[in-house]
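Remarks on the overall topology
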Amino acid sequence: MRIGVFICHCGKNIAGVVDVKELVERASKLKDVVYATDYVYLCSEPGQKEIQEKIEELELTHVVIAACSPKMHATTFARAVKGVGLNPYLLEIANIREHCSWVHHDKPEIATEKAFRLIKAAVAKVRLAEPLEPIKVPLTRKVLVIGGGIAGIRTALDIANGGFEVYLVERTPSLGGHMAQLSETFPTLDCSACILTPLMVEAAHHKNIHVITYAEVKNIKGIIGNFKVTIEKKPRYVIPEKCTGCGDCMDVCPVIVPNEFDQGLGARKAIYVPFPQAVPLVYTLDLENCLNTQKLVVCEQCYKACGPRAINYLMEPQEIEIEVGAVVIATGFDLLPIENLKEYGGGKYPDVVTGLEFERLLSASGPTGGVVRRPSDGKIPKRVVFIQCAGSRDPEHGCPYCSKICCMYTAKQALLYKHVVPDGEAYVFFIDVRAAGKRYEEFVQRVMGEERIVYLRGKVSKVFQREDKLVVWGADTISGMAVEIEADMVVLAPAVVPSKGTADLAKLLKVSVDEFGFLSEVHPKLRPVESVSPGVYLAGAAQAPKDISETAAQASAAASKVLSLLSQKEATLEPIVAHVDKELCIGCGLCWKACPFKAITMVREEKREGKKRRRYAKVEEAVCQGCGVCMAICEKKAINVAGFTYDQLSAQVKALLEDE
Amino acid sequence: MVIRKPLNLAKFKVPKGRVIVLAERCKECGLCIEYCPKQILEYSEDYNEKGFHYPVVKAGMENECIFCLFCQEICPDFAIFSEKEE
Ligand SMILES: Cc1cc2nc3c(=O)[nH]c(=O)nc-3n(C[C@H](O)[C@H](O)[C@H](O)COP(=O)(O)OP(=O)(O)OC[C@H]3O[C@@H](n4cnc5c(N)ncnc54)[C@H](O)[C@@H]3O)c2cc1C
Ligand code: SF4
Ligand code: SF4
């Protein structure tokens, strides 16, 4: 055994605290270590080359690299050692940056000692390492995209254009997501529908895309390369293949209810399309508001009016089973409910509206045809107060983060308001204006320079009603004055939160979420569109608040990851899986009960002459995630996770604890 | 919760009917009153020739019939129907 130890300075990140020369000297004395050295940046091209050259020159059999977190560069270094023929599982990384120099920068001596122990532990562990080969499994060349907003549509199109089949599942009756609700988009003021609708139509007509609307993912089993998905299609009570989208049913329907798509500012019938450009253009009967119930058909107006007889009051939910090799989650966002914003009169005064409601009022296809009107009395508001950061950057509302899009859309809305009400006045309360995007600052500057648009830096303390006006009390922190504005309408920019159901979906797919419920990526810089669950990718606002440009970019990135997976012959899995020692296993089944992934089955031995057939545990390698729960529970030490065996971990712990 | 009325209600038309009751045919089975989806019917104060209370449209709900014709369909005695109002 010939072990080489390579210690990285990481510039000053490590070497500024830890005494690397001392580490080299002490490491070279460890058992089986034949070479130890330090280098300024091991991850750099010459750094990797140095490692490769020494492996060849000194015929190293095992390598320890003491550097940053393996989360950062494990793959980089694995590739480097593999390049010169060393099995990458004979490489061990000691994290002496995040786990040492960064956290102990004020105690360099202790840090050096800890760094040495970490290296010593890594050497102890690698001495017992075995070479491993990746596990190959067959790959289903189809993809599931969950969420039919701009993120889901973009991802689906990119994958489909690459030649693979995509199932695009959307919860509501139409594709489009929030972007379909917007009037015009910053910073170019393109009409939102004009950019989006063609993409929706393209997706619907693409020969590789199956658009499944008004449906939800009910269950997902399996792993990268081979997921089994159950999709539940809610009953539309209209047969899609027959509906021509003529709308005759809607004309005769006697039930009028608020339209969710218009945020309740417009109406719809009980049989409806959410908006005229909906894709697919198939009507949906909403049984909750229809005069009929599951048991009793009272009204048949739409049935009688429908020429092609597309309506079926007895439709049942339908389950579809599909198999895919990869999943993209693009479930988008919601806004913090307006009722949570009581200090601004949210949920109390009808003329306190959200940004999304204001988009519907500005939209030419909205309930007012693009004329801004007050919800209370339909009058055109002459003075509008915009309040940014309504809930965002505010720990009290559980959203200490910046929602990122509000500064920009508020500026846009103030400008669009001035376009439709030229003599109107707009006041914008802001904490800071964050306009860090291409041409964003220029856009905001242009809005700020408009006549009768006034930006006030400060927070609003209270909004209340006085006769038919809304009184806004705030502080202008620049002049240091308290301000009172009598407004006709108040527009809030509520915090962006993950869309309803994200948590359940994350659980189903074993994807982690951050403390606010947004889906987590593996690494923000190195693997920004991959979830921790292999084969599951992220796109759009489900991962964090973002605007359309960023969403589209991330969606294409997710698609490219999927494409590179699907262009492989087989799916490759990490060989870090559990192995059973049949001789030691007594077939007690403890691990079988404990395994969270159901990777273990209990089987009986083949016939043995004269002897009883023994029961033992068997691991399905393609299902095992290498979590190690089985290993911890086994009383006989009969099950071990490759690369992290009981002996390896014991040696590691022992090396950490013992003094020299 | 704010109860906001949609701003474009005027654009939405619903069919309207006028309920006509043939009081003398009614035998007070009550099906129409029970099942009218808009609940616009109630029993009359007075009796018909046969001695039954027959359905009448509740005061103030004269414009609420939506012409679904369910009453017409379930009435066993053909005693109620609705006429489309244009
Ligand atoms: C008021 C306002 C104004 C804005 N103005 C602009 C602008 O001018 N310019 C700009 O660049 N950006 C703007 N944005 C931001 C823009 O809306 C987002 O960037 C964009 O909508 C994000 O797209 P998405 O597909 O990730 O999410 P979404 O648009 O939220 O789409 C997600 C889709 O997934 C569906 N879904 C959710 N859960 C499930 C599930 N479990 N199963 C199946 N389907 C599901 C939803 O129904 C929805 O259709 C604005 C946002 C707001 C709120
Ligand atoms: S009348 Fe029939 S075909 Fe026309 S939109 Fe309604 S369900 Fe579809
Ligand atoms: S059956 Fe329901 S959806 Fe159809 S017209 Fe009557 S109320 Fe409307």
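Residues numbered from 1 in each chain as written. Chains lettered and ligands numbered in written order. Predicted model: local features only at pLDDT ≥ 70, side-chain atom pairs only at ≥ 80, totals over all residues. Heavy atoms only, no water.

1. Here we look at helix H10 (residues 355-362) of chain A
Residues and elements named next belong to chain A. Condition: Per-residue accessibility, obtained with a 1.4 Å probe over protein chains only, is compared with the maximum for each type, and a residue is labelled buried under 20%, exposed over 50%, and partly exposed between these values. Strands are runs of DSSP state E lasting at least two residues, helices are runs of H or I lasting at least four, and both sets are numbered from the N terminus onward. Should any heavy atoms of two residues lie within 4.5 Å, those residues are counted as being in contact.
When you tally the buried positions in H10, you get eight out of eight residues, the bulk of the element. Among all positions of H10, only Gly-355, Leu-356, Glu-357, Phe-358, Glu-359, Arg-360, Leu-361 and Leu-362 are buried. The inward-facing, buried residues of H10 abut strand S8 (184-185), strand S19 (333-335), strand S20 (352-354), strand S21 (383-390), helix H11 (406-420) and strand S27 (489-494).

2. Let's talk about the sheet that holds strand S25 (residues 469-476) of chain A
Residues and elements named next belong to chain A. The line we're drawing: When DSSP finds two or more bridges between two strands, those strands count as paired. Helix axes use the C-alpha atoms of the stretch in contact, all axes being lines fitted to C-alpha atoms, and the angles between their N-to-C directions lie in the range 0 to 180 degrees.
Spatially, the three strands line up as an open sheet ordered S24-S25-S26, and their pairing is antiparallel. Each edge of the open sheet is held by one strand with a lone partner, namely strand S24 (460-466) and strand S26 (481-487). Strand-to-strand twist in this sheet, taken as the mean axis angle between neighbours without regard to direction, amounts to 20°. Here S24 runs beside S25; their pairing, made up of six bridges, is antiparallel. Paired with Val-463 across the two strands is Val-472, which belongs to S25.

3. Here we look at the domain arrangement of chain A
Frequently, the measure chosen for interface size is the accessible area removed from exposure when the parts meet. Residues and elements named next belong to chain A. Going by this rule: These domain boundaries are the output of an automatic or database domain assignment. What gets called buried area is simply the loss in accessible area from a 1.4 Å probe that two parts show on being joined, summed for both. Whenever a carboxyl oxygen of Asp or Glu lies within 4 Å of a side-chain nitrogen of Lys or Arg, that contact is scored as a salt bridge. Pairs of N or O atoms are called polar contacts if they sit within 3.5 Å, as long as, within protein, a hydrogen donor faces a hydrogen acceptor (for residues adjacent in sequence, only side-chain-to-side-chain pairs). Note on residue categories: nonpolar means Ala, Val, Leu, Ile, Met, Phe, Trp, Tyr, Cys or Pro, charged means Asp, Glu, Lys or Arg, and polar means any other residue, Gly included.
What the domain assignment reports for chain A is domain 1 (3-126), domain 2 (142-234 + 317-332 + 499-566), domain 3 (235-316), domain 4 (334-497) and domain 5 (578-642). Centre-to-centre separation of domain 2 and domain 4, based on C-alpha positions: 30 Å. At the junction of the two partners, domain 2 supplies 19 residues and domain 4 supplies 26 residues. Taken over both partners, the interface formed by domain 2 and domain 4 buries close to 1900 Å², and the fraction arising from carbon and sulfur atoms is 67%. Applying the counting rule to domain 2 against domain 4 returns one salt bridge. When the shortest N-O distance is used, the salt bridge between Glu-550 and Lys-404 registers 2.9 Å. Where domain 2 meets domain 4, there are six residue pairs in polar contact (both at pLDDT 80 or more). Elements with a minimum of two residues in the side of domain 2 that touches domain 4: S8 and helix H14 (548-566). Considered class by class, the residues forming the side of domain 2 that touches domain 4 number eight nonpolar, six polar and five charged.

4. Observations concerning the interface of chain A and chain B
Between chain A and chain B, the contact holds 35 residues from the first and 20 residues from the second. Where chain A abuts chain B, roughly 2100 Å² becomes buried across the two surfaces, and 63% of that area is made up of carbon and sulfur atoms. At the boundary of chain A and chain B, one finds one salt bridge. Viewed at the interface, chain B and chain A are joined by eight residue pairs in polar contact (both at pLDDT 80 or more). Of all elements in the fold, only helix H8 (248-252), strand S13 (256-258), strand S14 (267-269), helix H9 (301-305), S20 and H10 of chain A reach the threshold of two or more residues within the side of chain A that touches chain B. In terms of residue class, the side of chain A that touches chain B is made up of 19 nonpolar, six polar and ten charged.

5. A closer look at unusual backbone geometry
All names here are of chain A. Residue Phe-186 is joined to Pro-187 through a cis peptide bond whose omega torsion reads -10°. You can see Pro-187 is positioned in the loop between S8 and strand S9 (190-191). Going from Val-279 to Pro-280, the amide bond is cis rather than trans, its omega being 0°. If you trace the backbone, Pro-280 turns up in the loop between strand S15 (271-272) and strand S16 (284-285). In the Ramachandran plot, Arg-309 falls in the positive-phi region, its phi being about 55° despite a non-glycine side chain. With respect to the element layout, Arg-309 can be found in the loop between H9 and strand S17 (318-324). Taking relative accessible area as the criterion, Arg-309 reaches 41% and is therefore assigned partly exposed.

6. Things to note about the pattern of salt bridges
All names here are of chain A. Going through the model one piece at a time under the given rule, you end up with 40 salt bridges over all chains. Notably, a salt bridge pairs Asp-158 with Arg-154, separated by 2.9 Å at the nearest N-O pair. With Asp-158 and Arg-154 both in helix H6 (residues 150-161) and four residues apart, the pair spans about one turn of that helix. Each of the two residues, Asp-158 as well as Arg-154, counts as buried. Measuring nitrogen to oxygen at the nearest pair gives 3.2 Å for the salt bridge that ties Arg-527 to Glu-530. Assessed through its relative accessible area of 38%, Arg-527 is described here as partly exposed. Through salt bridges with shared partners, one network takes in Glu-22, Arg-26, Glu-113, Arg-117 and Asp-659.

7. Looking at the packing of helix H1 (residues 20-27) of chain A against helix H5 (residues 108-126) of chain A
All names here are of chain A. Defined as follows: A crossing counts as left-handed when the near helix is turned anticlockwise from the far one by less than a right angle, and as right-handed when that turn is clockwise.
Put simply, H1 and H5 touch, their axes get as near as 10 Å, and they point 35° apart. Classified by chirality, the crossing of H5 by H1 is right-handed. Residues Glu-22, Leu-23, Arg-26 and Ala-27 of H1 pack against Thr-112, Glu-113, Ala-115, Phe-116 and Ile-119 of H5. Among the residues forming the contact of H1 with H5, the class breakdown is five nonpolar, one polar and three charged.

8. Some words on the packing of aromatic side chains
All names here are of chain A. Under the convention used in this document: Two rings belonging to Phe, Tyr or Trp (six-membered ring only in the last case) form a pair when the distance between their centres is within 6.5 Å. Interplanar angles under 30 degrees mark stacking, angles over 60 mark edge-to-face geometry, and anything in between is tilted.
According to the stated counting rule, one finds ten aromatic pairs over all chains in the structure shown. Taking 5.5 Å as the distance between ring centres and 85° as the angle between the ring planes, the aromatic pair formed by Phe-186 and Tyr-440 counts as edge-to-face. Of the two residues, Phe-186 is situated in the loop between S8 and S9 and Tyr-440 in helix H12 (residues 440-448); the sequence distance between them amounts to 254 residues. Through a chain of ring-to-ring contacts, the aromatic side chains of Tyr-401, Phe-516 and Phe-518 assemble into a single cluster.

9. Re the sheet that holds S17 of chain A
Residues and elements named next belong to chain A. The strand order across the open sheet formed by three strands is S11-S12-S17, and the pairing between neighbours is antiparallel. Each edge of the open sheet carries a strand with a single partner, namely strand S11 (215-223) and S17. Sheet twist, expressed as the average angle between the axes of neighbouring strands with direction ignored, equals 20°. Note: strand S12 (residues 226-233) against S17, seven bridges, orientation antiparallel. Considered in S17, the bridge of Ile-231 is made with Ile-320.

10. Regarding the state of the cysteines
Here a disulfide denotes one covalent bond, and it connects the sulfur atoms of two cysteines. Rule in force here: A pair of cysteine sulfur atoms is labelled a disulfide when the two atoms are within 2.5 Å.
Inspection of the entire model under this criterion finds one disulfide over all chains. Across the disulfide from Cys-191 of chain A sits Cys-194 of chain A; the S-S distance is 2.2 Å. The sign of the S-S torsion, about 85°, decides the handedness of the disulfide formed by Cys-191 of chain A and Cys-194 of chain A: right-handed. Among the cysteines around Cys-29 of chain B, which has no disulfide bond, Cys-75 of chain B carries the closest sulfur, lying 6.0 Å off.

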